[in-house]
Amino acid sequence: MDRLSQTLSALADPTRRAILSRLSRGETTVKDLAAPFRISLPAISRHLKVLEHAGLITRGQDAQWRPCRLEAAPLKGVADWVERYRAFWEGGFDRLDDYLTELQSKGDSDGRH
Amino acid sequence: MAGTDAARAYYALEMTRSFDAPPALVFKAWSSKEHLLRWWGPKDFTATSERLEFREGGSYRHTIHGPDGTSYGMSGVYREIVEPERIVFTFAWDDEPETLVTVTIRPEGNGTRLTFRQEPFADAASRDSHESGWGECLDRLVAEIVRQGEQA
């Protein structure tokens, strides 16, 4: 799986997005991360593993605390990927504009078909 | 989702265009190969279609051909079609993740205003959920992170 797909797959889960959202406010321990959720610590740990594997978080080396930290680069990658579509659509809409003009000049403006 | 509109542009592509043509005609331009292929793709590209089943649940598969001879395939499924005002479909380039496109067509004066939105996650359950601890939208999350990156 490429990097983008891996990022999107990790982001597809709302709990994982909530975890990232919390981390966007600063480095946090697993225990503090788990507090607002109604799910178990092991379940949170599984989500953290997915996020870590996708490069969306890194974890401190301190064996006891292992604070989690958000890594923004993959998220920026998602935003950049979506943005790449812009040229495709803008070019198409320019051509659509011309085509609509052409259709109407033929008198075909009543929405038939 | 309230309060996130300003942030959306960070990960969802949003555009609006005005056309000097009635909504019914703008809608029609999306609805068949005959019309769609006349404008589908950037300037100087041509388009061909293997399939365009313009109905909810119907699929499409098109290829655009660039002036340098390069071709790019794309496909998807129509999720919602409300004539003449709304078309929702999935869209993926070959070998790329799926996206969701929502096209809204509304009268504006004597013409039409088209609103376009494209976002990752064609699955509504993946896009937003209010079940989790903070119920955050991805929009807001990415906006916040990009903002932090700009400040750093």
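Relevant structure appears above.
What counts as what
- Residues numbered from 1 in each chain as written.
- Chains lettered and ligands numbered in written order.
- Predicted model: local features only at pLDDT ≥ 70, side-chain atom pairs only at ≥ 80, totals over all residues.
- Heavy atoms only, no water.
- Helix = DSSP H or I, 4+ residues; strand = E, 2+ residues; numbered from the N terminus.
- Buried < 20%, exposed > 50% of the residue type's maximum accessible area, 1.4 Å probe, protein only.
- Contact = heavy atoms within 4.5 Å.
- Phe/Tyr/Trp six-rings, centres within 6.5 Å; stacked < 30°, edge-to-face > 60°.
- Pairing = 2+ DSSP bridges.
- Axes fitted to C-alpha atoms, helices over the stretch in contact; angles between N-to-C directions.
- Parallel < 35°, antiparallel > 145°, perpendicular 65-115°, else oblique.
- Nonpolar A, V, L, I, M, F, W, Y, C, P; charged D, E, K, R; others polar.
- Core = buried A, V, L, I, M, F, W, Y, C linked by side-chain atoms within 4.5 Å.
- 1 Å grid on protein atoms, 1.4 Å probe; cavity = no way out; pocket = protein on both sides within 12 Å on 5 of 7 lines; lining within 4 Å.
- Points joined across faces, edges and corners; volume = space filled by probe spheres on them.

Undergrad: I'd like to hear about the overall build of chain B, residue by residue, with values.
TA: Counting its regular elements, chain B contains 5 helices and 7 strands. Starting at the N terminus and walking to the C terminus, you meet the elements of chain B as α-β-α-α-β-β-β-β-β-β-α-α. Considering chain B as a whole, with its 152 residues, one finds that 53% of them fall into the buried category. Restricting to contacts in chain B with at least 6 residues of sequence separation, those with at least 24 account for 37%.

Undergrad: Account for the packing of aromatic side chains, with residues named and values stated.
TA: Applying the stated criterion across every chain yields a total of 28 aromatic pairs over all chains. Each ring, one from A:Trp89 and one from B:Trp40, has its centre 5.3 Å from the other, and the planes form 85°; the classification is edge-to-face. Remark: B:Trp40 occurs in the loop between helix H3 (33-36) and strand E2 (46-52) and A:Trp89 occurs in helix H6 (residues 85-105); the pair is interchain, linking two chains. There is no split in this pair, since A:Trp89 and B:Trp40 are both buried.

Undergrad: Just give me the short version of the sheet that holds strand E4 (residues 71-82) of chain B, but keep the residues and values in it.
TA: The 7 strands lie next to each other as E1-E7-E6-E5-E4-E3-E2 (chain B), forming an open sheet whose pairing is antiparallel. Each edge of the open sheet is held by one strand with a lone partner, namely strand E1 (13-19) and E2 of chain B. Within the sheet, the average angular offset between the axes of one strand and its neighbour, ignoring direction, is 25°. Two elements, E1(B) and strand E7 (residues 111-120) of chain B, share 7 bridges in a ladder whose sense is antiparallel. Following the sheet pairing, B:Thr16 is matched in E7(B) by B:Thr115. Each of E1, strand E3 (59-65), E4, strand E5 (86-93), strand E6 (99-108) and E7 of chain B touches H6(A); the most contacted strand, E1(B), lies at about 10° to it.

Undergrad: A description of the packing of helix H2 (residues 14-23) of chain A against helix H4 (residues 41-53) of chain A should follow, citing residues and the corresponding values.
TA: Residues and elements named next belong to chain A. In contact at an axis separation of 10 Å, H2 and H4 are set at 80° when each is read in the N-to-C sense. Relative to H4, H2 is oriented roughly perpendicular. On H4, the residues touching Thr-15, Arg-16, Ile-19 and Leu-20 of H2 are Ile-44, His-47, Leu-48, Val-50 and Leu-51. The class makeup of the residues in the contact of H2 with H4 is 6 nonpolar, 2 polar and 1 charged.

Undergrad: I'd like a description of the nonpolar core, backed by residues and values.
TA: A:Trp89, A:Phe93, B:Trp30, B:Trp40, B:Phe89 and B:Phe91 are the most contacted members of the largest nonpolar core, which totals 63 residues. Examining the composition of this core, we find that 8 residues originate from one element, H6(A), more than from any other.

Undergrad: I'd like a description of empty space enclosed by the protein, backed by residues and values.
TA: All names here are of chain B. Counted according to the given criterion, the structure contains 1 cavity of 30 Å³ or more. Quantified by volume, the largest cavity comes out at close to 50 Å³. Listed by contribution, the elements that provide at least two residues to the lining of the largest cavity are E3 and E5. Among the residues making up the lining of the largest cavity, the classes are represented as 8 nonpolar, 1 polar and no charged.

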